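Below are the chains, spelled out letter by letter.
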Amino acid sequence: MKIKVVLVICPQVNPDRPPLSLAYLTTYLAKRNIEVVCFDFNIDLYFRVDDKKKNLWDSQCDIDWLDENRYNSINLVNESIIREWVGQICQTSPQIIGFSLLSTNVYSTLRLAKEIKAKNNGARIIFGGPETYRLFGLGNYGIFDYADALVLGEGEESLYKIISYISNDKKIEPAEGIVVKENDILLGYDRFNLISNIDEMPFPDYDVFPLYKYKEKGQLPLIFSRGCIGRCAFCFERVYWKRFRCRSVDNVIEEIELMKRKYNIWCFSLNDSLMNGNIRFLSEFCDRVISEGIQVGWWGMARIDSRMTEEFLIKMVKAGCKQIAYGIESGSQKVLNLMHKDYDVSTIDRILLNTYRAGIKPGINLMLGFPGEEEEDFQQTCELVKRNGQYVSYVNISILGIEPFTDVYENRIKMNIDFKDATNWKTRDRKNTYQIRIERAKRLAEVVNKYVEKVFNFANT
Ligand code: B12
Ligand code: SF4
């Protein structure tokens, strides 16, 4: 049977650039002769709301989409929009409809999926994306009211497998990365099919998106790698992607050249968990860009790595690196060790200075409330900001959310954590409660306001 697949992403997600998830899935399937239609309903809505409402896509307003009451009261995704989107999807007569689920688009996605299901047109509904895995991990199996199967983690091979079952008129079987529900029992494998050589993935296709609608013109996302080499105890990303895999320099340069030619792109946002997971790759990439005189800008996230010397960072800047956001998290060595960060505070100081000297004022991410953080540790984080404020362009403050399958979650009992949900947890000695974390975040924001150009949102507040 010739299969038609529709892939959908609902609001609210970042409107700056097209969604890399759908772009990758589309080309992967298209290469296997599967017809795919993409709907970025996020950008559709962003583009059509009047300017006053566009701020609902700012990160400070994520909460308006994360909280059900607030989501209902903003009522942006209303009856008539849902009807229109359902109509657009059904018009393509797909056999499979895949939704990309993120924390900020859960309510709009479930609403749309519910309406589609009510149509009972035989299309199978599949959920993938980070929030699918997270909800599954938290035991929130209510999502099966709307979906026929869930894809956990990397999506390409699992989605292709589901399509193969359906095109052969078979039921969707539980398999690597695929979870199904049968007679109220969840079936899935605790193993994952990862693409081992990510150079073999076709380059993402952006023809399927209305590029003129995205906020950042002349920019596209790009990845050097999938996964992370770090083992941070709080991190869901490393759980999600399982294994670090890096592309070759040739492959990345080929994509950059193609995208520049095809879409008139000058800058790439690196959507990697970290740009420096493979330092040798990064070094060779920079050498190639410089020696071939490729005009390109790029920016993204990095981990603290003592190999980021001033000389190395200068080379990165010459090769077009415009901004680096470091996941630093804490100024306390004790907390860094508890988090399983494998660097010390003096290395943080050195790298921030090196980056500044190389010509970039980096951003830094700080996380408050890791179990074991006490007032003294918090003060050390404030000190870190005071020492380095002049070298830093912005600080992003978050408080620890305990996500499923992370080390903290798995060891929550041993760590004396009284866990209600990702945000509402406390240590049994009450030294670490939601109120204490929020209060520290506010105090840290005051320090940041004094010593740094810009302070970003508090995630989770
Ligand atoms: C780059 C990035 C950003 C960028 C831009 C994001 C963008 N949409 O353009 C910026 C900095 C703006 C950003 C902001 C935020 N981000 Co962010 N971000 C990322 C990051 C590092 C990369 C995303 C990416 O492109 N990955 C590469 C693509 C190919 O992977 P993918 O999108 O996951 O898709 C694959 C699979 O998930 C799956 N899949 C996806 N959809 C579907 C659908 C189907 C049907 C199937 C079968 C499979 C499938 O297959 C795809 C291909 O393998 C991820 C972490 C990571 N390493 O993935 C976090 C991540 C997406 N961000 C996250 C968060 C929490 C945020 C913020 C809320 C942070 C904050 N507090 O401000 C904001 C929210 C902004 C918003 N409303 O969208 C979380 C989301 C968690 C969740 N449960 O939803 C992630 C996963 C990080 C984490 N904590 O684990 N982010
Ligand atoms: S370095 Fe970042 S992405 Fe990697 S495990 Fe640590 S927190 Fe996660």
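Peer 1: I would appreciate a short explanation of the overall build of the chain in the present structure.
Peer 2: Tallying secondary structure elements over the chain gives 17 helices and 18 strands in all. Here the C-alpha atoms of the chain give a radius of gyration of 22 Å, agreeing with the 23 Å that 2.2 N^0.38 yields for 461 residues. Across its three principal axes, the chain shows a C-alpha extent of roughly 60 × 60 × 45 Å. Surface summary for the chain: the accessible area is close to 20,200 Å², and the carbon and sulfur share equals 46%. Mean positive and mean negative side-chain charge positions of the chain (62 and 62 charges, respectively) differ by 1 Å.

Peer 1: Got a minute to help me understand the site of ligand 2 in this structure?
Peer 2: The local shell around ligand 2 consists of Cys228, Gly230, Arg231, Cys232, Phe234, Cys235, Arg238, Ser273 and Lys341. Broken down by class, the residue content of the shell around ligand 2 amounts to 4 nonpolar, 2 polar and 3 charged.

Peer 1: Whenever I open this one, the packing of aromatic side chains confuses me. Can you help?
Peer 2: For any two aromatic rings, the description comes down to two numbers: the centre-to-centre distance and the angle of the planes. Scanning the entire structure with this criterion turns up 23 aromatic pairs. Measuring from ring centre to ring centre gives 6.0 Å for Phe236 and Tyr240, while their planes differ by 50 degrees; the resulting arrangement is tilted. Like Phe236, the residue Tyr240 is buried in the burial classification. Linked through ring pairs, Tyr133, Phe192, Phe236, Tyr240, Trp241 and Phe405 together constitute an aromatic cluster. Its guanidinium or amino end placed over the ring of Tyr46, Lys54 lies 4.7 Å from that ring's centre, counting from NZ or CZ. Directly above the ring of Tyr24 sits Arg226, whose terminal nitrogen or CZ lies 4.9 Å from the centroid.

Peer 1: How do you make sense of helix α17 (residues 434–451) when you look at a structure like this?
Peer 2: Given 3.6 residues per helical turn, the α-helix brings residues three or four places apart onto the same face. Given a rise of 1.5 Å per residue, 18 residues ought to cover 26 Å, and the 26 Å separating the end C-alpha atoms of α17 matches this to within 8%. Taken together, the buried positions of α17 are Arg437, Ile438, Arg440, Ala441, Leu444, Ala445, Val447 and Val448.

Peer 1: Could you clarify how one ought to interpret the pairing of strand β7 (residues 185–188) in this entry?
Peer 2: Two faces make up the sheet, and in a regular strand the side chains alternate between them. Strand direction decides the pairing type here: strand β6 (residues 178–182) and β7, joined by 4 bridges, are antiparallel. Paired with Glu182 across the bridge in β7 is Ile185. In sequence, β6 turns back onto β7 through a hairpin of 2 residues, with Asn183 there showing a positive phi of about 50 degrees.

Peer 1: Quick question: what am I supposed to make of the environment of Ile162 here?
Peer 2: Residue position: Ile162 is located in helix α8 (residues 156–167). For Ile162, a relative accessible area of 0% puts it in the buried group. As for Ile162 and Ala149, which are separated by 13 residues in sequence, their C-alpha atoms are 8.7 Å apart. Discounting chain neighbours no more than four positions away, the residues touching Ile162 are Ile126, Ala149, Val151, Ile172 and Ile178.

Calculation notes
Residues numbered from 1 in each chain as written. Chains lettered and ligands numbered in written order. Predicted model: local features only at pLDDT ≥ 70, side-chain atom pairs only at ≥ 80, totals over all residues. Heavy atoms only, no water. Helix = DSSP H or I, 4+ residues; strand = E, 2+ residues; numbered from the N terminus. Rg over C-alpha atoms; globule rule 2.2 N^0.38 Å. Areas by Shrake-Rupley, 256 points an atom, 1.4 Å probe, with all protein chains shown as cover. Lys, Arg positive; Asp, Glu negative; His and termini not counted. Charge placed at Lys NZ, Arg CZ, Asp CG, Glu CD. Near = heavy atom within 4 Å. Nonpolar A, V, L, I, M, F, W, Y, C, P; charged D, E, K, R; others polar. Phe/Tyr/Trp six-rings, centres within 6.5 Å; stacked < 30°, edge-to-face > 60°. Buried < 20%, exposed > 50% of the residue type's maximum accessible area, 1.4 Å probe, protein only. Lys NZ or Arg CZ within 6 Å of the ring centre and 35° of its normal. Expected span 1.5 Å × (residues − 1). Pairing = 2+ DSSP bridges. Contact = heavy atoms within 4.5 Å.

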